[in-house]
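The chain contents come next:
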Amino acid sequence: MKKLFITSTLSIVLLASCVSKKKYVALENDLSNTKSTLTKTQVAKEELEAKMAKIEARVTEYNNKINSLKEINDSQFTSVDGVAMMSNNTKEKMRATLAKVDPSKLAEAKTLQDSMNLAISYKLKNSISDEEGDIDVNIDKTVVMINISDKLLFNSGSYRVSSKANPVLSKLAEVINSESSMEVMVEGHTDSRTINTAMFKDNWDLSVKRATSVVRILQDKYNVDPAKLIASGRSSYLPLVENDSRENRAKNRRTRIIILPNLDKFFALLDAENL
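Heads up: these notes are all about the structure in this document. (Residues numbered from 1 in each chain as written. Predicted model: local features only at pLDDT ≥ 70, side-chain atom pairs only at ≥ 80, totals over all residues. Heavy atoms only, no water.)

**Details of the overall build of the protein**
Which entries qualify depends on this criterion: Every helix listed is a DSSP run of H or I at least four residues long, and every strand listed is a run of E at least two residues long, numbered separately from the N terminus. Any pair of residues with heavy atoms lying within 4.5 Å of one another is described as a contacting pair. Residue exposure ignores everything except the shown protein chains as possible cover, and the areas themselves are Shrake-Rupley values with a 1.4 Å probe.
Across its full length, the protein holds nine helices and seven strands. Within the protein, counting contacts between residues at least 6 apart in sequence, those at least 24 apart form 63% of the total. Of the roughly 17600 Å² of accessible surface on the protein, a fraction of 55% belongs to carbon and sulfur atoms.

Below, the structure written as structure tokens:
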């Protein structure tokens, strides 16, 4: 019995010793793996820090370039009422044009934008028509609105564009083609006298047909991208003046061209042609 007890005790001790050794080996392996992972993590961290340093250096370089360009732009361009940008070179040309503008109209200009509008209106009006009263140009912020009398574009009651309109439409096409992002709306307007023919049921038909006729000329003859053009008709419902006289009805019969140009490019284009 004593021998059996001793044998059992030794077996327990040896078993315990074996279990402890296995745990020790496992712990050593875990420690080794942890050290290996830590080393890899440290290397990865150093690599990321090096990449971050390069990125920060590039950001600093780009910021310096942006600030440098901004300084150049601030010295060369003027903001117009927070809406448009005009180069100082164009601003000088604008002043030269304003010297030719009617002093009474110039006196009404209260801001730089007002002056710019007067200058562009003067240049555009004088460049596309020699007939007084046939062209009226108005600018609201960066929107240019050109009213062209029907006597310059069409015969009475007709939608066919007259050949005498070619100089006007050619100039308009140059302006439109000067900027790829520009969109142009062509609006037809009539007086209040009703029309009812085999071709036109009413003034709606006539105003729309006249607008599409102008659009087709700009597209087909002067290569204006049709995607930039919008044709619309307003009939007699947006008159400039009361339709109470022959002269007033003539003012209301018109085609309005609405364009959104880059005003700096717009003015430079007109000035380049010395018009």
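**Considering helix α6 (residues 166–177)**
Selection rule: Every helix has an expected span of 1.5 Å times one less than the residues it contains. Buried, partly exposed and exposed residues are distinguished by accessible area as a fraction of the type maximum, computed with a 1.4 Å probe on protein chains only: under 20%, between the cut-offs, and over 50%, respectively.
Over its twelve residues, α6 runs 16 Å from end to end, which matches the ideal 16 Å to within 8%, given 1.5 Å per residue. Within the sequence span of α6, burial applies to Val 168, Leu 169, Lys 171, Leu 172, Ala 173, Val 175 and Ile 176.

**Notes on the pairing of strand β3 (residues 135–140)**
Just so we agree on the cut-off: Note: two strands are recorded as paired if DSSP finds a minimum of 2 bridges between them.
Where burial is concerned, the two faces of β3 differ: the one with Ile 135, Val 137 and Ile 139 is buried and the one with Asp 136, Asn 138 and Asp 140 is not. Here β3 runs beside strand β4 (residues 143–149); their pairing, made up of six bridges, is antiparallel. Directly across from Asp 136, in β4, lies its bridge partner Asn 147.

**Regarding the side chain of Asn 252**
How we decide: Whenever a nitrogen or oxygen atom comes within 3.5 Å of another N or O atom, the pair is scored as a polar contact, on the condition that within protein one atom can donate a hydrogen and the other can accept it, and that pairs from neighbouring residues in sequence are kept only if both atoms are in side chains.
Looking at the element boundaries, Asn 252 is found in helix α8 (residues 246–252). Of the residues examined, Asn 252 reaches a relative accessible area of 0% and is grouped as buried. In this structure the side chain of Asn 252 is engaged in a polar contact, spanning 2.7 Å, whose partner is the backbone nitrogen of Leu 240. Of the polar contacts made by the side chain of Asn 252, one reaches the side chain of Asn 243; its length is 2.9 Å.

**Points about the environment of Val 186**
Structurally, Val 186 can be placed in strand β5 (residues 184–189). Counting along the chain gives 40 residues from Val 186 to Ile 146, while the straight-line C-alpha distance between them is 9.6 Å. Here Val 186 is in contact with Ala 211, Val 214, Val 215, Leu 218, Ile 230, Ala 231, Ser 232, Thr 255, Arg 256 and Ile 257, once residues within four sequence places are set aside.

**A few points about the packing of α6 against helix α7 (residues 203–220)**
Put simply, the test is: Lines fitted to C-alpha atoms define the axes here, with helix axes fitted over just the stretch in contact, and angles between the N-to-C directions of these axes take values from 0 to 180 degrees. Angles are sorted into four bins: roughly parallel if under 35 degrees, roughly antiparallel if over 145, roughly perpendicular if 65 to 115, and oblique for all others. Should the near helix be turned counterclockwise from the far one by less than a right angle, the crossing is left-handed, whereas a clockwise turn marks it as right-handed. Here the term charged refers only to Asp, Glu, Lys and Arg, the term nonpolar to Ala, Val, Leu, Ile, Met, Phe, Trp, Tyr, Cys and Pro, and the term polar to all other amino acids, Gly among them.
Where α6 meets α7, the closest approach of the two axes is 10 Å, and the angle between their N-to-C directions is 65°. Judged by the angle between their axes, α6 and α7 are roughly perpendicular. In this structure, the crossing between α6 and α7 has a hand that is right-handed. For the pair α6 and α7, the contacting residues are Leu 169, Ala 173 and Ile 176 in the first and Val 214, Ile 217 and Leu 218 in the second. In terms of residue class, the contact of α6 with α7 is made up of six nonpolar, no polar and no charged.

**Let's talk about unusual backbone geometry**
The phi dihedral of Asn 223 falls on the positive side, at around 60°, and the residue is not glycine. As for its position among the elements, Asn 223 is in the loop between α7 and β6 (229–233).

**A closer look at the packing of aromatic side chains**
Under the convention used in this document: Two aromatic rings from Phe, Tyr or Trp, using only the six-membered ring of Trp, form a pair when their centres are within 6.5 Å; if the ring planes differ by under 30 degrees the pair is stacked, by over 60 it is edge-to-face, and anything between is tilted. The rule for a charge over a ring is simple: NZ of Lys or CZ of Arg within 6 Å of the ring centre, and within 35 degrees of the ring normal.
Tallied over the entire structure, the rule returns two aromatic pairs. Relative to Tyr 237, the ring of Trp 204 has its centre 5.5 Å away and its plane inclined at 35°; by these criteria the two rings are tilted. Remark: Tyr 237 occurs in the loop between β6 and α8 and Trp 204 occurs in helix α7; sequence separation between them is 33 residues. Accessibility expressed as a relative area gives 40% for Trp 204, which makes it partly exposed. You can call Tyr 237 exposed: its relative accessible area is 58%. Its end group placed over the ring of Tyr 159, Lys 209 keeps NZ or CZ at 4.9 Å from the ring centre.

**Re the environment of Asn 166**
By secondary structure assignment, the location of Asn 166 is in helix α6. A relative accessible area of 22% places Asn 166 in the partly exposed class. When the C-alpha atoms of Asn 166 and Ile 217 are compared, they prove to be 9.1 Å apart, with 51 residues separating the residues in sequence. Excluding its chain neighbours within four sequence positions, the residues that come into contact with Asn 166 are Lys 221 and Tyr 222.

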